[in-house]
Amino acid sequence: MSGKKIVVSAGPTVEPIDYVRFISNKSSGKMGYNIAIEAFKRGADVKLISGPVNPIDTDGIDKINIRTNEELKDAIEKEFDDCHALIMSAAPTDYKVRNASDKKIKKDGNNLNLELIENIDILKYFGNKKNKQILIGFAAETDDLIKNAKIKLESKKADYIIANDLKKKGAGFDVDTNIASILSKDKVDKLDLMSKKELANKILDLLV
């Protein structure tokens, strides 16, 4: 993959509720980090854009740390035009608080009602923007895996969707293995249980 610029997003995003609390998800970043590391080993120019995760060694890889969806989108935007592929393995937070507080919200004996609004759909945004780039997205589902992944593939204008069922043992967040299906426009390739390193290389094989 020498001479190819690959942008990889990894981990969760974080949306503030107040100065100390936030909305996020269970993504550990392990899938994205494995993709970045294996692409780097293959000689690619890798830009890893990561939400907050436990430390993972990425010696030699150019890493950009982000927290919010907006920061993730802006970081990708700076690298997108001249990249060969964007692999969106990050798990962006779908909603944010309309009016997040810049102070800690104190308890006062009453319930707290938060209005949540949809975040920008980053995969769809870059699906509409791409020209020569290959766009790979992920679908982590609890129901109707292939059906929902096909909808995502079409609606986001992705070239591939890597789909996994969060309810299956050995798949999903914060484990070192995954059970995935790779969807393209005319094919569904169902894979067996494998390490995230092995799956990372199967995903990178799509690019060469």
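Residues numbered from 1 in each chain as written. Predicted model: local features only at pLDDT ≥ 70, side-chain atom pairs only at ≥ 80, totals over all residues. Heavy atoms only, no water.

What to know about helix H3 (residues 122-129)
Among all positions of H3, only Ile 122, Leu 123, Phe 126 and Gly 127 are buried. Taken around the axis of H3, the buried residues stretch over an arc of 135°, which confines them to a single face. Buried residues belonging to H3 abut helix H2 (69-80), strand S6 (85-88), strand S9 (134-141), helix H4 (145-155) and strand S10 (160-165). (Buried < 20%, exposed > 50% of the residue type's maximum accessible area, 1.4 Å probe, protein only. Helix = DSSP H or I, 4+ residues; strand = E, 2+ residues; numbered from the N terminus. Arc of directions from axis to C-beta. Contact = heavy atoms within 4.5 Å.)

Let's talk about unusual backbone geometry
Residue Asp 144 is not a glycine yet carries a positive backbone phi of 50°. With respect to the element layout, Asp 144 can be found in the loop between S9 and H4. Phi is positive for Lys 157, close to 60°, though the residue is something other than glycine. Lys 157 gets classed as partly exposed once you look at its relative accessible area, which sits at 46%.

Quick notes on the packing of aromatic side chains
One pass over the full model with this rule turns up two aromatic pairs. With a centroid separation of 4.8 Å and an interplanar angle of 50°, the aromatic rings of Phe 80 and Phe 126 are classed as tilted. Within this pair, whereas Phe 80 is found in helix H2, its partner Phe 126 is found in helix H3, the two being separated by 46 residues in sequence. According to the relative accessible area criterion, Phe 126 is buried, its value standing at 0%. Look at Tyr 125 and Phe 126: their rings are 4.9 Å apart centre to centre, the planes differ by 85°, and that puts the pair in the edge-to-face class. An aromatic cluster of at least three residues, connected via ring pairs, comprises Phe 80, Tyr 125 and Phe 126. Here the basic side chain of Lys 73 rests over the ring of Tyr 125, its NZ or CZ set 4.7 Å away from the ring centre. (Phe/Tyr/Trp six-rings, centres within 6.5 Å; stacked < 30°, edge-to-face > 60°. Lys NZ or Arg CZ within 6 Å of the ring centre and 35° of its normal.)

Some thoughts on the nonpolar core
Nonpolar side chains tend toward joint burial in soluble globular proteins. Among the nonpolar cores identified, the biggest contains 28 residues, and Ile 35, Ile 87, Ile 203 and Leu 207 are the most heavily contacted of them. Elements supplying a minimum of two residues to this core: strand S1 (5-10), helix H1 (30-41), strand S4 (45-50), S6, S9, strand S12 (180-184) and helix H5 (196-205). With residues near it in sequence (within four places) discarded, Ile 87 still touches Ile 6, Val 7, Val 8, Ser 9, Ile 35, Ile 136, Phe 138, Ile 203, Leu 204 and Leu 207. Core analysis: the second largest hydrophobic core is formed by 23 residues, Ile 49, Ile 76, Ala 90 and Ala 139 among them. (Core = buried A, V, L, I, M, F, W, Y, C linked by side-chain atoms within 4.5 Å.)

Focus on the UniProt feature "domain: DNA/pantothenate metabolism flavoprotein C-terminal" (unreviewed entry) in the protein chain
When the UniProt feature table is mapped onto this chain, "domain: DNA/pantothenate metabolism flavoprotein C-terminal" (unreviewed entry) is found at residues 1-207. Taken end to end, residues 1-207 is 26% helix and 28% strand, and its two terminal C-alpha atoms sit 9 Å from one another. (UniProt positions renumbered as here; feature names shortened; annotations may be inferred.)

What about the packing of H1 against H5?
Running from N to C, H1 and H5 point in directions that differ by 60°, and their axes come no closer than 8 Å. It follows from the interaxial angle that H1 and H5 lie oblique. In the packing of H1 onto H5, the handedness of the crossing is right-handed. When H1 is examined against H5, the residues Lys 30, Met 31, Asn 34, Ile 35, Glu 38, Ala 39 and Lys 41 are found in contact with a partner set consisting of Lys 196, Lys 197, Leu 199, Ala 200, Asn 201, Ile 203 and Leu 204. For the contact of H1 with H5, a count of residues per class yields seven nonpolar, two polar and five charged. (Axes fitted to C-alpha atoms, helices over the stretch in contact; angles between N-to-C directions. Parallel < 35°, antiparallel > 145°, perpendicular 65-115°, else oblique. Left-handed = near helix turned anticlockwise from the far one by under 90°. Nonpolar A, V, L, I, M, F, W, Y, C, P; charged D, E, K, R; others polar.)

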